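Given next are the chains, with one letter for each unit.
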Amino acid sequence: QVQLVESGGGLVQAGGSLRLTCAASGRTLSSYTMGWFRQAPGKEREFVACIRSSGATYYKDSVKGRFTISRDNNRNTLYLQMDSLKSDDTAVYYCAGTMSIAVSSTTSYRYWGQGTQVTVSS
């Protein structure tokens with residue numbers, strides 16, 4: 001059974017930084033595309049970023065240049081470095097894993113974490 005556990009969320013002022021971590025257990029996910037999604041109150045869950053097993057990365061336009069996704073396959077861990085945070089970034093952030101090529105779709109992801117809250121105060 002695969003488990004994904006996110007950590008690193010919290011309350012930060014606008015312009016600040018946070019680093020999210022997603023620790024995987026149960027199986028090695030090095031061959032999976034790993035992604036970060038977020039869901040704000042009253043909104044649908046949306047794609048934020050993903051990283052393929054090759055290391056190729058993809059980002060939502062509004063986070064390009066501010067967020068950086070990375071992975072450590074030796075530790076079976078995924079990261080999201082978030083800089084220059086804005087109030088619009090406030091949401092619950094989820095990590096997820098997929099073998100699909102449709103990397104920005106929530107329905108493509110098989111494994112999900114429970115989420116970590118990120119709150120950015122203006």
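J.: Residue-level account of the overall build of the chain, with values.
T.: The number of helices and strands found in the chain is 0 helices and 11 strands. From first element to last, N terminus to C terminus, the chain shows the α and β order β-β-β-β-β-β-β-β-β-β-β. Expected size for 122 residues packed as a compact globule is a radius of gyration near 14 Å; at 13 Å, the chain falls within 12% of this value. A total of 122 residues make up the chain; the buried ones form 43% of that total. Long-range contacts, defined as pairs at least 24 residues apart, comprise 57% of the intrachain contacts of the chain with a sequence gap of at least 6.

J.: Any chance you could break down the sheet that holds strand β1 (residues 3–7) for me, citing the residues and the numbers?
T.: Pairing within the open sheet is antiparallel, and its 4 strands lie in the order β1-β3-β8-β7. Pairing within the sheet leaves two strands with one partner each, and these edge strands are β1 and β7 (67–72). When the angles between neighbouring strand axes are averaged without regard to direction, this sheet yields 15°. Bridge analysis of strand β3 (residues 18–25) against strand β8 (residues 77–82) gives 6 bridges, and the strand direction is antiparallel. Counterpart to L18 in the pairing with β8 is M82.

J.: Run through the pairing of β7, naming residues and quoting values.
T.: Burial along β7 is one-sided: the face carrying F67, I69 and R71 is buried and the face carrying T68, S70 and D72 is not. Bridge analysis of β7 against β8 gives 6 bridges, and the strand direction is antiparallel. The residue of β8 that forms the bridge with R71 is L78.

J.: Account for the pairing of β8, naming residues and giving values.
T.: Judged by how many residues are buried, β8 sits mostly within the fold: 5 of 6 residues are covered. The loop that links β7 with its antiparallel partner β8 comprises 4 residues; one of these, N76, has a positive phi angle of about 55°.

J.: Can you break down the state of the cysteines residue by residue, with the values?
T.: This structure, assessed with the given rule, holds 1 disulfide. The disulfide partner of C22 is C95, and the gap between their sulfur atoms is 2.0 Å. Taking the sign of the S-S torsion, 50° for the link of C22 and C95, the bridge is right-handed. Taken together, the residues span a long stretch of sequence, with C22 in strand β3 and C95 in strand β9 (residues 91–98) at a distance of 73 residues. One exposure class covers both C22 and C95, and it is buried. With no disulfide partner, C50 has as its closest neighbouring cysteine sulfur the one in C95, 13 Å distant.

What counts, and where the lines are drawn
- Residues numbered from 1 in each chain as written.
- Predicted model: local features only at pLDDT ≥ 70, side-chain atom pairs only at ≥ 80, totals over all residues.
- Heavy atoms only, no water.
- Helix = DSSP H or I, 4+ residues; strand = E, 2+ residues; numbered from the N terminus.
- Rg over C-alpha atoms; globule rule 2.2 N^0.38 Å.
- Buried < 20%, exposed > 50% of the residue type's maximum accessible area, 1.4 Å probe, protein only.
- Contact = heavy atoms within 4.5 Å.
- Pairing = 2+ DSSP bridges.
- Axes fitted to C-alpha atoms, helices over the stretch in contact; angles between N-to-C directions.
- Disulfide = S-S within 2.5 Å.

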